[in-house]
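Overview (structure and organization)
Now for the letters of each chain:
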Amino acid sequence: MRSLLTFRWAGVLAEATGYLSAAALLAATGVTLHAVITRYFLGLPTVWQMEVTIYLMMIVAFVGAAYGLKHHAHVGVDLVVEQFRPRGRLVLRTITAVLCLAVVLVVLWTSFQLWHEAYEGGFRSSTAWRAPLAVVYTILPIGMFLVALQYIAMIIEAVLGLAGKVPLSQVALMGASNEAAAIEREAMGAPDAGGKATDGAGGGPGIDDEGDRR
């Protein structure tokens with residue numbers, strides 16, 4: 001029951017979207033290869049391949065966004081935020097997450113209205129394939145819904161961390177910059193400070209339960 005209320009299950013969904021996006025990317029690559037072979041080597045016209053590729057890439061971008069958010073794969077500028085102490089950084093990142101959640105909810109509602117209009121009107125694409133847009137337009141609201149769930153989970157965890165109920169080293173928002181640093185060190189083959197793994201979501205200085213640097 002506690003996991004349900006803290007939205008920790010949203011992380012499982014986010015991981016699943018990562019695998020789904022990878023499968024969609026592989027499928028898009030396969031469809032593109034099929035289009036090249038049939039058009040340039042067999043001389044056969046293509047009708048559906050390009051359109052399907054676009055829809056698959058939409059799945060990669062929008063449905064996979066929750067996975068990217070969970071692993072801090074998005075672009076962020078934290079030069080100012082990093083100057084604060086851990087608790088101050090968490091407060092600022094929590095505020096940012098709330099604002100981002102508001103934007104995501106607006107996009108979710110707008111995309112849902114777009115889907116509903118396509119569903120009620122029976123709209124189809126203007127291409128020769130005439131794909132049902134009610135199916136295609138489900139990609140964006142589903143993706144935004146998953147992103148919203150992940151933001152809610154991160155915000156709840158951050159609030160619990162500020163309240164002292166969760167160690168700051170375990171709060172996902174505290175690893176927003178550390179994970180990128182850890183990936184960079186791993187790519188360069190450099191060990192973590194002290195020659196051993198550090199706490200938190202990635203590399204960088206460890207953070208104890210009181211929120212101070214060790």
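Now for a description of the structure that goes with this document.

What counts as what
- Residues numbered from 1 in each chain as written.
- Predicted model: local features only at pLDDT ≥ 70, side-chain atom pairs only at ≥ 80, totals over all residues.
- Heavy atoms only, no water.
- Helix = DSSP H or I, 4+ residues; strand = E, 2+ residues; numbered from the N terminus.
- Buried < 20%, exposed > 50% of the residue type's maximum accessible area, 1.4 Å probe, protein only.
- Contact = heavy atoms within 4.5 Å.
- Areas by Shrake-Rupley, 256 points an atom, 1.4 Å probe, with all protein chains shown as cover.
- Patch = residues over 30% accessible without salt bridge, like charges linked within 9 Å, V, L, I, M, F, W, Y side chains within 5 Å.
- Salt bridge = Lys/Arg side-chain N within 4 Å of Asp/Glu carboxyl O.
- Core = buried A, V, L, I, M, F, W, Y, C linked by side-chain atoms within 4.5 Å.

When helices and strands are counted, the protein chain shows eight helices and zero strands. Helices and strands appear in the protein chain in the N-to-C order α-α-α-α-α-α-α-α. When each of the 214 residues of the protein chain is scored for burial, the buried share is 35%. Sequence-distant contacts, at least 24 apart, represent 69% of the contacts inside the protein chain between residues at least 6 apart. Of the roughly 12800 Å² of accessible surface on the protein chain, a fraction of 69% belongs to carbon and sulfur atoms.

The subject of this paragraph is a nonpolar patch on the surface. A contiguous nonpolar surface patch, about 770 Å² in accessible area, is contributed by Leu-33, Val-36, Ile-37, Tyr-40, Phe-41, Leu-42 and Leu-44. Turning to its location among the elements, Ile-37 is positioned in helix H2 (residues 9–41).

Grouped together as the largest cluster of nonpolar side chains are 23 residues, with contacts concentrated most on Leu-90, Val-104, Val-147, Tyr-151, Val-171 and Leu-173. Going through the elements one at a time, helix H4 (65–70), helix H5 (86–121) and helix H7 (139–162) are the ones with two or more residues in this core. The element contributing the most residues to this core is H7, with nine residues. Excluding anything up to four places from it in sequence, Val-147 contacts Ala-65, Ala-66, Leu-69 and Val-104.

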